[in-house]
Amino acid sequence: MVLLCALSSAAQDFNKAGRTTFQFLKIGMGARAAALGEAGIANMQDVNAVFWNPAAVTGIKGVEAGFNYTRWFADLNVMAGAVGFRAGGLGVIALHYATLDYGTLQEALVTSPTGGVDTRTGNSFGGNDLALGCAFARAFTDKLSIGVNAKYLREELHIYASSLWGFDVGTYYNTGWRGIRLAMSAQNFSKQARWLDTGGAEQQRYELPLLFRVGWSIDLLGGEQLFLGGSPERYRLALNMDAVHSNDYAERLHVGTEYVLYNLIALRGGYRINYDEGKWSFGFGLSRHISNVKMRLDYAYVDYDFLDSPHRLTALFAF
């Protein structure tokens, strides 16, 4: 931990911002993970784990479905959903999607050579981002799971568009002692995205944000992982930490805690190191079991100083 903090501190003076496209891939999906400061790849095994670590969906026992909504900056809307099911002894399959809608934008033409004056044309245009994917994970032992995820990505703005395929891989390891779990994931392996493709020298290419995560989680009270509708322990307190390396920014560290009472109410908080905005987060979760359906509603708030602080909502169902 001391080494990770030292690396994060030393890297603050150097980053590689602005070199990647498809930035919506870095928006954290799921209110629970957001409330934990995005420190959750070793502390989640529900269907929403497909957005963070495909290996962790092996926690699905039957069928699970999740729906996420985020009111993002500048009135942008982020929506995501996933459904996962256990395919017998083969493993777990999860289908998922994520979208970012830019809304309606007013078109303007630059009339000054210096770019200081623009003229509204009266026309409008829009844009959106889309990710559609399928993940497969299998538990090779009672402790180790490995997963892969393939996804189709498309980004549109005005008359321009770019699409390509991306891939994620991940591992999840439950030590079985004091609730200690370890996880690793690598996301967005892909070729370069192409923009303004004219077939000549004007073609522009950009990399996707390649993310590497290493995380661990420990139950400070010595309990075990609580899944959606899991065993009714009286209380549980987990501490999570993720180290994140990307190809477009310096190293970062995420820390989060979660307190669960009677598997009904969860209180969460998190902090992200080496961020200019959105460092603090908190949220809660409410679980309910009705008939044969297990439900959980999660909320997260991330504090921003100069941007609109986004609110996240997630609804999960297990059958």
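To be clear, the structure that these remarks concern was listed above.
Residues numbered from 1 in each chain as written. Predicted model: local features only at pLDDT ≥ 70, side-chain atom pairs only at ≥ 80, totals over all residues. Heavy atoms only, no water.

Draft legend 1. Region of interest: unusual backbone geometry. Positive phi, close to 55 degrees, is recorded for Arg-178, a residue that is not glycine. Topologically, Arg-178 is positioned in the loop between strand S6 (160-174) and strand S7 (181-189). Judged by relative accessible area, which is 37%, Arg-178 ranks as partly exposed. If you check the backbone angles, Asn-274 has positive phi at about 75 degrees while not being a glycine. Here Asn-274 shows up in the loop between strand S13 (265-273) and strand S14 (280-290). (Helix = DSSP H or I, 4+ residues; strand = E, 2+ residues; numbered from the N terminus. Buried < 20%, exposed > 50% of the residue type's maximum accessible area, 1.4 Å probe, protein only.)

Draft legend 2. A look at the environment of Asp-46. You can see Asp-46 is positioned in the loop between helix H2 (31-35) and strand S1 (63-71). Owing to a relative accessible area of 5%, Asp-46 belongs among the buried residues under this scheme. Separated by 15 residues in sequence, Asp-46 and Lys-61 place their C-alpha atoms 9.4 Å apart. Residues within four places of Asp-46 in sequence aside, it is in contact with Arg-32, Ala-56, Val-57, Ile-60, Glu-64, Arg-296 and Leu-316. (Contact = heavy atoms within 4.5 Å.)

Draft legend 3. The arrangement of the pattern of salt bridges in detail. This structure, assessed with the given rule, holds 12 salt bridges. The partner of Asp-46 in a salt bridge is Arg-296, and the shortest N-O contact between them spans 3.1 Å. With Asp-46 in the loop between H2 and S1 and Arg-296 in strand S15 (residues 293-302), this pair connects stretches of sequence that are 250 residues apart. A salt bridge links Arg-268 to Glu-258, with the shortest nitrogen-to-oxygen separation between them at 2.6 Å. (Salt bridge = Lys/Arg side-chain N within 4 Å of Asp/Glu carboxyl O.)

Draft legend 4. Quick look at the environment of Gly-285. Here Gly-285 shows up in strand S14. Apart from residues no more than four positions distant in its own chain, Gly-285 is found in contact with Leu-264, Ile-265, Ala-266, Arg-268, Leu-297 and Asp-298.

Draft legend 5. Quick look at the packing of aromatic side chains. Going through the model one piece at a time under the given rule, you end up with 7 aromatic pairs. Where Phe-189 meets Phe-212, the ring centres are 6.1 Å apart and the plane angle is 75 degrees; that geometry is what we call edge-to-face. Of the two residues, Phe-189 is situated in strand S7 and Phe-212 in strand S10 (residues 211-219); the sequence distance between them amounts to 23 residues. Relative accessible area serves as the criterion here: at 34%, Phe-189 is assigned to the partly exposed category. Relative accessible area serves as the criterion here: at 33%, Phe-212 is assigned to the partly exposed category. (Phe/Tyr/Trp six-rings, centres within 6.5 Å; stacked < 30°, edge-to-face > 60°.)

Draft legend 6. Structural context of the side chain of Arg-181. Positionally, Arg-181 belongs in strand S7. Overall, Arg-181 belongs to the buried group, its relative accessible area being 0%. There is a polar contact of 2.6 Å between the side chain of Arg-181 and the backbone oxygen of Gly-179. (Polar contact = N/O pair within 3.5 Å; in protein donor to acceptor, adjacent residues only side chain to side chain.)

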